[in-house]
Every structure is written in C-alpha cells, then in structure tokens.
Amino acid sequence: MTSQIRFLICPPHYYDVDYVINPWMEGNIHKSSQERAVEQWDKLHHILKEHAIVDIVPPQKGWPDMVFTANAGLVLGKTVVLSRFLHKERQGEEPYFNQWFEENGYTVHELPKDLPFEGAGDALLDREGRWLWAGYGFRTELDSHPYLAKWLDIEVLSLRLIDERFYHLDTCFCPLANGYLLYYPPAFDSYSNRLIEMRVSQEKRIAITEADAVNFACNAVNIESIVVMNKASEPLKARLAEVGFRVIETPLTEFLKAGGAAKCLTLRVTEPVREELHANVSVESRVFNLEGHLLDSGLINRALDLIVDNGGSFQVLNFSLGEQRQSTSAAKVKVSAPSHEVMESIISHLIDLGAVDLPQDERDAKLEPVTQAGVAPDDFYVSTIYPTEVRINGEWVKVENQRMDGAIAITRTSKRIVAQCKLLRDVEVGEEVVVDVLGIRTVRKTESRERRNAEEFSFMSSGVSSERRVELVVEQVAWELRKIRDGGGKVVVTAGPVVIHTGGGEHLAQLIREGYVQALLGGNAIAIHDIEQAIMGTSLGVDMKRGVAVRGGHRHHLKVINTIRRYGSIAKAVEAGIIESGVMYECVSNGVPFSLAGSIRDDGPLPDTEMNLIKAQTEYARLLKGADMILMLSSMLHSIGVGNMTPAGVKMVCVDINPAVVTKLSDRGSIESVGVVTDVGLFLSLLLQQLQKLTSPYTAKVS
Ligand SMILES: NC(=O)c1ccc[n+]([C@@H]2O[C@H](COP(=O)([O-])OP(=O)(O)OC[C@H]3O[C@@H](n4cnc5c(N)ncnc54)[C@H](O)[C@@H]3O)[C@@H](O)[C@H]2O)c1
Ligand SMILES: NC(=[NH2+])NCCC[C@H](N)C(=O)O
C-alpha cells in the first residue's frame with residue numbers, strides 16, 4: 001500500500017446474474033461461474049490492496065449486484081449522496097450501503113423518492129477535484145444533478161448517455177490523474193461531446209475504440225499512475241504509457257456478464273474536497289401545460305419523445321384525462337435540460353406543439369434591437385408555420401405574416417405594437433427581434449375528434465396515401481377544389497415540367513380555364529416545356545401524341561425560348577398568336593397571375609423567369625397570400641420553397657412519385673397537409689374526370 005486512498009468493495013458471495021436490467025445481462029442469467037467470479041474478484045482485491053486501503057461492506061443474500069459498490073452512492077469528503085436505484089432489483093441494496101456510510105462517519109443525503117441516481121456509477125469526479133461529471137439518460141435522472149451540486153458544493157457537468165450498452169457513466173468515461181480522460185465518445189450525444197471537448201484539451205483526451213469499450217476499458221480504477229482494468233488493446237496500453245500510465249489488466253469476465261468490471265466493483269471513499277470550489281450547475285427546468293387531444297392525437301407522446309430526443313428529461317407532474325370523447329386532456333410537464341442552450345431547443349419544439357407556460361410563470365418575450373440591417377440578434381427565435389403570439393408588456397400580440405424560418409420583428413407605433421414574421425434579410429435597424437424562448441406561444445386548434453374525423457382532409461391525416469387510395473384522395477381534392485372555386489376562394493398551383501412530360505399539361509390547362517386555379521408558381525422549365533408542346537407538339541423533344549422522340553427534338557425547347565425572347569414575354573407571344581394552347585396560354589388568356597422563379601439549371605431563361613431570387617420569393621409570397629389551398633405538382637424545388645412560406649391552416653396537397661418528397665411536405669404536423677405518391681399525369685387525369693362528375697355547382701350550407 002502506497003497511499004491513503006481508500007476503496008469500498010463487496011465480496012461476491014451472493015453474486016450471480018439473476019435478472020436482466022442492462023443489455024450485458026441478456027442471455028447470461030445464471031451463466032456466471034461463482035468459482036471464477038470469486039477468483040477474479042480476489043485478484044482485483046489483491047491489486048487494490050497493493051496500492052490503497054480497502055474497506056469491505058458485508059454482502060447480503062438476495063442482492064446479487066451489491067458487489068458493484070460504485071453504485072452505493074457518491075462520496076466527496078465526508079458527505080455522501082446515497083443512490084436511489086432505478087430498478088427495484090437493486091433498491092434493496094440502499095439500506096445496507098446507508099448503514100455502512102453512517103457507521104463510518106459520513107453525512108448521508110437522500111434524494112426524493114422517484115428521483116433515480118446511481119452513485120459513483122453515474123457521477124465521476126475530475127481527478128483534480130475541479131468538478132463532477134454526472135451522467136443521465138438511462139439510470140440517473142437529470143433532475144438529480146442540482147441536488148449533487150447543492151449537497152457537495154461542486155460544479156456539476158451533465159453528460160447524456162445514448163448507447164444502452166454504456167448505461168452508466170463509468171462504463172464509457174474515466175477521468176485520470178493529471179487531467180487526462182479515457183472515454184468512448186460515441187456513447188454520448190453531440191452536446192455532451194462538445195462539453196467534454198470544452199473542458200478537456202485535445203492532448204488530454206484519450207478516445208478509445210469500440211473494441212476496447214466493449215471490454216470495459218473505461219471501467220478502470222485509476223490510482224495515481226496505475227490504471228486497473230479488465231483488458232486493454234496493445235495500442236491503448238501504448239497510448240496510456242506515452243502519458244505516464246501503467247495498465248494492470250485483471251480479467252473480470254464473470255462480472256462483465258452483469259454489465260460491470262473493475263470500476264463498478266469499487267467505490268473510492270476518500271475524495272478530497274477543494275474548499276475554494278463551489279456549487280454550480282447549469283441544469284434548467286421549466287413547467288409547461290399541454291392541452292388538447294393529448295392521447296388520441298399522440299401529442300403527449302410526441303412532446304415527451306422530443307424532450308428526450310433533444311437531450312432533456314421530463315416529469316409529468318399532473319395529467320387530467322378528458323373523460324368524454326369530445327373533451328380534451330391536460331398535462332403539466334416539468335422539463336429539465338443540461339443547459340440553457342439545450343432548454344431553448346427543446347422549448348422551441350414544444351412551443352410548436354402548443355405547449356404554454358403555467359399562467360403564473362408567463363413572462364414577456366425577450367427582445368433585442370436589430371443593430372445591422374438584414375441581420376437578427378444571434379439568439380433570435382426561429383418562427384414556424386403555426387399561428388404565434390408573443391407577450392409584450394403583459395399583452396399577447398398576434399404575429400402577422402406567419403411563415404417558417406423567419407424572425408419575429410417588433411415595431412411600436414404610438415397606437416399599437418406590431419409583431420411580424422420577417423425573413424432575416426428584411427429585418428431593419430429600429431426594429432426589435434424576439435430572442436430566446438420566453439413569452440412565445442403557438443395557437444393550435446384543439447378541434448374535437450368528430451370534427452377532425454369528418455373534415456375533408458382527415459382521411460389522409462394518417463400519412464401518405466398509398467397507390468390504392470389515390471382515387472379516394474382525388475375525389476376529396478376535386479370536391480374541395482369545386483367548393484373553393486364556387487365560394488370565390490383561392491387555389492395556388494406549383495408545378496414542375498414533369499406535369500407536361502407525363503401528359504398532364506392539358507388537364508392543368510383545363511383546370512385553369514375552368515377557374516379552379518387562381519395563381520401558378522413554377523420555374524423556367526414548366527413554362528418552356530408547356531410552350532414547346534403548344535408550339536411544336538413535343539415535350540423535351542418527345543412527340544406527346546405518338547410518345548416517340550422526334551429527331552433533333554432535344555433542341556426544341558431552346559428554339560422556343562429564343563422565340564419567346566424575341567416577343568419579349570409569354571403574354572406578348574400569346575397576344576401575337578404564337579402560343580394558342582397549354583398551361584401558360586390559359587394563364588394569360590384567363591388573367592391568372594403566374595410567377596416563374598429562376599434556378600441554376602435554367603436554359604435561356606424565358607423573359608418572364610425572375611432570376612433575382614429575392615424578387616422571385618417576394619412575388620411567390622404575394623401570390624400565396626390568402627390561399628385556401630395549394631396544389632403542389634411534381635416539383636421538389638418549388639413545392640418545398642412554397643411550403644416554407646405557408647402558414648399552418650392552408651390546405652396543401654403534394655403530388656410526387658417520390659415518397660420522400662411527399663413526406664417532407666406533408667409532415668408538417670398539421671392535418672391540412674397531405675401527400676399523394678403517384679404519377680402526376682395520372683393524378684391530374686383522375687382529378688379532371690372527378691370534377692366532371694361533380695356537375696352541379698357546390699352550394700355550401702353557410703350557417
Ligand atoms: N431547361 C430548363 O431550363 C430546365 C429544365 C429542367 C429544370 N429546370 C429548372 O430546375 C428547377 C428544378 O426542376 P424541377 O422542379 O423539375 O425538379 P425537382 O427535382 O425539384 O422536382 C421534380 C420532382 O418531380 C418528381 N417526379 C418525377 N417524375 C414524376 C412523375 N411521373 N409523377 C410525379 N412526380 C414525379 C420527382 O420525384 C421530383 O420530386 C426548376 O426551377 C426548373 O424550372 C430548368
Ligand atoms: N457502476 C456500474 N457501472 N455498475 C455496474 C452495475 C451492474 C448491474 N448489473 C446493474 O445493471 O446495475
């Protein structure tokens with residue numbers, strides 16, 4: 001024995017794999033050899049005794065995992081935070097460990113019931129004693145970290161574990177003497193990896209391979225310059241030797257069957273306190289209300305999943321279930337995050353789902369002035385498609401021009417406060433912008449189950465329609481188109497050239513002619529190929545009647561571009577009688593406005609194609625204003641562009657042969673958007689047939 005360092009260990013008299021509470025135990029029930037376990041444990045004991053003082057806690061029958069004394073609690077100086085095991089299989093160990101600590105003169109702190117924390121298995125002191133690394137994600141709750149900071153008066157750095165094989169922090173993370181760190185980075189989320197990299201310089205970080213990690217190389221006991229572990233690869237031993245550590249390997253394979261090795265089998269009970277350091281913890285918590293059809297719409301699952309997926313933790317403080325079919329449910333959820341940054345990202349997602357602060361916690365939105373035109377303050381709140389309100393001077397102000405991916409700009413006149421979504425490039429000096437995630441709420445419809453099920457688009461809310469459901473979708477879209485037209489509403493179509501190539505051009509032209517379309521958005525290509533067909537009978541050089549490529553046809557569209565350029569615009573070419581049919585012809589003849597946005601792929605371009613994208617976006621936004629429905633026909637580029645500009649509440653139908661495009665557009669969390677995976681030519685042809693069936697004008701029963 002060379003130092004005053006003490007370890008607590010527990011002999012394996014009753015050790016076995018009796019149950020499964022981690023992935024290592026799976027398939028290993030009663031597969032460990034008692035004899036070998038004792039032999040391996042004795043060897044470890046012997047090594048420890050050569051380098052430190054070893055204390056023994058008596059094992060207890062019926063508690064096979066008690067050998068893993070790292071999970072007894074967390075010690076700093078003479079203070080202990082006792083473990084609160086997550087699994088009932090280990091909860092019975094708590095009083096025995098408590099007894100040992102009390103008998104040995106420690107002050108024991110106990111966490112509130114139902115707040116799991118698994119001791120030094122999930123909390124590791126920096127070996128210089130500068131701070132405490134604390135894990136969460138599997139066994140330990142993030143909400144226990146502030147207690148550790150308070151009781152041990154130390155800074156706590158929270159790390160989230162994401163690989164269930166490495167369910168305790170000490171299975172993948174081992175602070176070593178002189179500020180070194182042995183760890184397996186893929187076991188942590190990216191935020192935690194960033195935190196580790198900020199605190200431990202590159203020369204001091206020793207990242208291990210998966211092969212070493214699964215041999216529990218991080219589950220090591222470091223006593224000054226020696227590192228005791230189950231097994232290490234030659235490169236790892238060499239790397240550690242380079243920085244002055246000697247690895248002592250001692251096989252612990254019987255304990256690996258229960259998911260533990262050297263470090264798990266020991267608890268360091270002499271951890272010196274650094275008096276000059278004090279508590280600091282960046283864990284933040286906020287309580288939210290969620291209301292609506294939380295269970296049947298899956299809202300509560302989505303909310304809880306996104307808290308965890310984004311690195312937070314939650315506690316449902318209250319849940320009142322709506323008893324009638326019509327009634328809504330309400331939940332009060334406490335959200336915790338390891339830092340303000342993570343909290344902001346979780347909250348902004350929760351705001352999208354309609355989560356609101358408790359009335360007593362409502363605060364004004366944080367505003368910061370714009371100091372450079374076209375640049376928002378760093379921490380600006382990114383707007384979504386959902387109707388949003390911001391709280392200013394105690395009043396909730398509705399945000400105008402709702403769209404996603406903008407900033408919320410505030411201007412004040414003597415009479416009122418105006419909040420509006422603005423693209424970054426449009427924010428102006430003199431305006432303020434909403435930053436952070438306080439005082440912001442989205443207004444989500446909590447329509448009744450009945451209404452949701454009866455509403456026109458509800459049949460599609462289950463997701464993307466399969467091929468056999470296309471007809472049903474078409475029927476509903478036709479019905480809706482008719483209703484909007486007859487009610488004087490607005491339908492905007494975005495379309496790509498595939499509409500023309502698939503023979504859908506004549507159907508789209510007919511829709512425009514019959515008044516079903518109030519604006520057309522697209523690119524250079526839809527217009528060119530449509531006009532090519534009108535003038536030359538081909539689309540991309542293919543004869544549309546015979547379905548065969550025409551000799552030299554690939555040049556047709558260039559000739560067409562040249563012709564239109566000569567006339568100066570599509571409208572002028574129509575006026576001159578050059579274009580006599582097709583989509584663009586119908587737009588011009590029926591006074592339906594269109595906007596063609598340029599792209600890097602464009603030939604020509606046509607004189608009407610707006611190559612200044614800022615102007616093109618503004619024109620799109622102008623034409624989209626007040627739309628009741630948007631029909632997106634086979635253009636990923638233009639449909640996604642339009643989707644970004646459109647607030648929730650506008651019905652969107654996206655038709656594309658590629659399910660990924662459809663999913664991206666229809667997965668907006670709003671029941672009004674729907675995707676149809678099908679050939680666009682077929683869709684338009686079916687749509688026209690259906691519209692023809694609906695001969696009598698729709699008369700809405702307006703109450
Ligand atoms: N000659 C030109 O100037 C020229 C030619 C082509 C494209 N462009 C321009 O390039 C940009 C991107 O073009 P885009 O919008 O066509 O491309 P895009 O890739 O953004 O979208 C095409 C979409 O059509 C889908 N699709 C393909 N076949 C289909 C079918 N049979 N039925 C339904 N969907 C089908 C694809 O899955 C894809 O999502 C546009 O601005 C366009 O104007 C210019
Ligand atoms: N500190 C540790 N990693 N201990 C390992 C504990 C193993 C034990 N079977 C459990 O799952 O709880």
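Each value, and the rule that gives it
Along each chain, residues carry numbers from 1 onward, in the same order as the chain's sequence is written. Each chain is given a letter, starting from A, and each ligand a number, starting from 1, according to the order in which they appear as written. Owing to the predicted nature of the model, reporting of local features is limited to residues with pLDDT of at least 70; listing and counting of side-chain atom pairs is limited to 80 or more, with chain, interface and lining totals taken over all residues. Side-chain figures throughout are based on the complete set of non-hydrogen atoms in the structure, without hydrogens or water. UniProt positions are given in the numbering used here, feature names are shortened, and annotations may be inferred rather than shown by experiment. A cutoff of 4 Å decides nearness: a residue is near a molecule or strand if any of its heavy atoms lies inside that distance of it. N or O atoms within 3.5 Å of each other form a polar contact, as long as, within protein, one can give a hydrogen and the other can take it, and as long as residues adjacent in sequence are counted only when both atoms are side-chain atoms. Methods summary: accessible areas were calculated by the Shrake-Rupley approach with a probe of 1.4 Å, and residue burial reflects only the protein chains presented. Think of a 1 Å grid over the protein atoms and nothing else: a 1.4 Å probe that fits but is trapped marks a cavity, an open set flanked by protein within 12 Å on at least five of seven lines marks a pocket, and residues with an atom within 4 Å of a point count as lining. Runs of E in the DSSP output that reach at least two residues are strands. Runs of H or I that reach at least four are helices, and both are numbered from the N terminus. Here's how the labels work: a residue is buried when its accessible area is under 20% of the maximum for its type, exposed when over 50%, partly exposed in between, all with a 1.4 Å probe on protein chains only. Whether two residues are in contact is decided by their heavy atoms, any of which lying within 4.5 Å being enough. Strand pairing follows a simple DSSP-based rule, namely that at least 2 bridges must link the two strands. Helix axes use the C-alpha atoms of the stretch in contact, all axes being lines fitted to C-alpha atoms, and the angles between their N-to-C directions lie in the range 0 to 180 degrees. Throughout, a molecule is located in a cavity or pocket provided that more than half of its atoms lie within 2 Å of its grid points. Grid points are joined across faces, edges and corners, and a volume is the space filled by probe spheres set on the points. Salt-bridge detection follows one rule: a side-chain nitrogen of Lys or Arg within 4 Å of a carboxyl oxygen of Asp or Glu.

The name given to the protein chain in an unreviewed UniProt entry is ornithine cyclodeaminase, and the organism recorded there is Brasilonema sennae CENA114. Taken from UniProt, the Cofactor (unreviewed entry) comment for the protein chain reads in full: "NAD(+)". For the record of the protein chain, the UniProt heading Sequence similarities (unreviewed entry) holds the text "Belongs to the DDAH family."

Enquirer: What am I meant to see in the site of ligand 2 here?
Expert: Around ligand 2, the surrounding shell holds 17 residues, and the nearest of these are Asn22, Arg90, Arg139, Asp170 and Ala258. Side-chain polar atom of His168 to a nitrogen atom of ligand 2: 2.8 Å apart, as the coordinates give it. Between ligand 2 and Asp170, the relevant distance is 2.7 Å, taken from a nitrogen atom to a side-chain nitrogen or oxygen of the residue. When isolated, ligand 2 has an accessible area of 350 Å², and the protein chains bury 100% of it.

Enquirer: Help me understand the UniProt feature "active site" (unreviewed entry) in the protein chain, please; the structure alone is not making it clear to me.
Expert: The UniProt feature table records "active site" (unreviewed entry) at His168 and Cys264. For the residues just named, distributed over 97 residues, the greatest C-alpha separation is only 9.4 Å, placing them together at one site. Those annotated residues lining the second largest cavity are, specifically, His168 and Cys264. Checked against the element boundaries, His168 lands in the loop between strand 8 (155-160) and strand 9 (173-175). Judged by relative accessible area, His168 falls into the buried class, the value being 2%. Residues contacting His168, with those up to four places away along its chain left out, are Asn71, Glu118, Gly121, Asp122, Arg139 and Leu161. A distance of 2.7 Å separates a polar atom in the side chain of His168 from a polar atom in the side chain of Glu118. Take Cys264: it is sitting in the loop between helix 8 (253-256) and strand 15 (267-268). By relative accessible area, which is 2% here, Cys264 ends up buried. Among residues more than four places away in sequence, those in contact with Cys264 are Val67, Phe68, Thr69, Ala70, Asp170, Asn219 and Gly259.

Enquirer: For this particular structure, what's the right way to read the sheet that holds strand 27 (residues 440-442)?
Expert: Across a sheet, strands are paired by hydrogen bonds formed along the backbone, either parallel or antiparallel in direction. Read from one edge to the other, the open sheet built from 7 strands follows the order 21-26-24-25-23-22-27, with strand pairing classed as mixed. Of all the strands in the sheet, just strand 21 (366-369) and strand 27 have a single pairing partner and so form its edges. Strand-to-strand twist of the sheet, defined as the mean angle between neighbouring strand axes without regard to direction, takes the value 35°. As judged from the 2 bridges shared by strand 24 (residues 407-412) and strand 26 (residues 432-435), these two strands associate in the antiparallel manner. Across the sheet, residue Ala409 finds its bridge partner in strand 26, namely Val433.

Enquirer: I'm lost on the sheet that holds strand 20 (residues 356-357) in this one. Help?
Expert: An order of 18-19-17-20 is seen for the 4 strands of this open sheet, with the pairing classed as antiparallel. Each edge of the sheet is formed by a strand with only one pairing partner; in this case those strands are strand 18 (313-320) and strand 20. Both strand 17 (residues 284-292) and strand 20 contribute to a ladder of 2 bridges, which runs antiparallel. Residue pairing across strands places Asn289 opposite Val356, the latter belonging to strand 20.

Enquirer: I would appreciate a short explanation of the site of ligand 1 in the present structure.
Expert: Every one of the 24 residues lining ligand 1 counts as a neighbour, but Asp603, Ser635, Leu637, His638 and Asp656 are closest to it. At 3.4 Å, a backbone N or O of Ser634 approaches an oxygen atom of ligand 1. Here an oxygen atom of ligand 1 and a backbone polar atom of Met636 are 2.9 Å apart. Out of a free accessible area of 840 Å², ligand 1 has 83% covered by protein chains. Under a 2 Å grid-point criterion requiring more than half of the atoms, the pocket assigned to ligand 1 is the second largest pocket.

Enquirer: Explanation requested: empty space enclosed by the protein in the structure shown.
Expert: Over the atoms rolls a probe the size of a water molecule, and its path tells where empty space is left. Tallied over the full model, the rule gives 6 cavities of 30 Å³ or more. As a volume, the largest cavity reaches approximately 250 Å³. What lines the largest cavity is a set of 20 residues, among which Leu124, Arg127, Lys263, Arg268 and Glu271 lie closest to the centre. When residues of the lining of the largest cavity are traced back to their parent elements, those giving at least two are strand 3 (73-76), strand 6 (123-125), strand 9, strand 12 (221-223) and strand 15.

Enquirer: Would you mind going over the pattern of salt bridges with me for this structure?
Expert: If charged atoms from side chains of opposite charge come close, those side chains can pair. Here the structure, examined in full by the defined rule, presents 36 salt bridges. Between Lys651 and Glu480 there is a salt bridge, and its shortest N-O distance comes to 3.1 Å. Of this pair, Lys651 sits in strand 36 (residues 651-656) while Glu480 sits in helix 12 (residues 470-486), and the two are 171 residues apart along the sequence. Comparing Lys651 with Glu480, the two get one shared label, buried. Salt bridges sharing partners connect three or more residues here, namely Arg36, Glu254 and Lys257.

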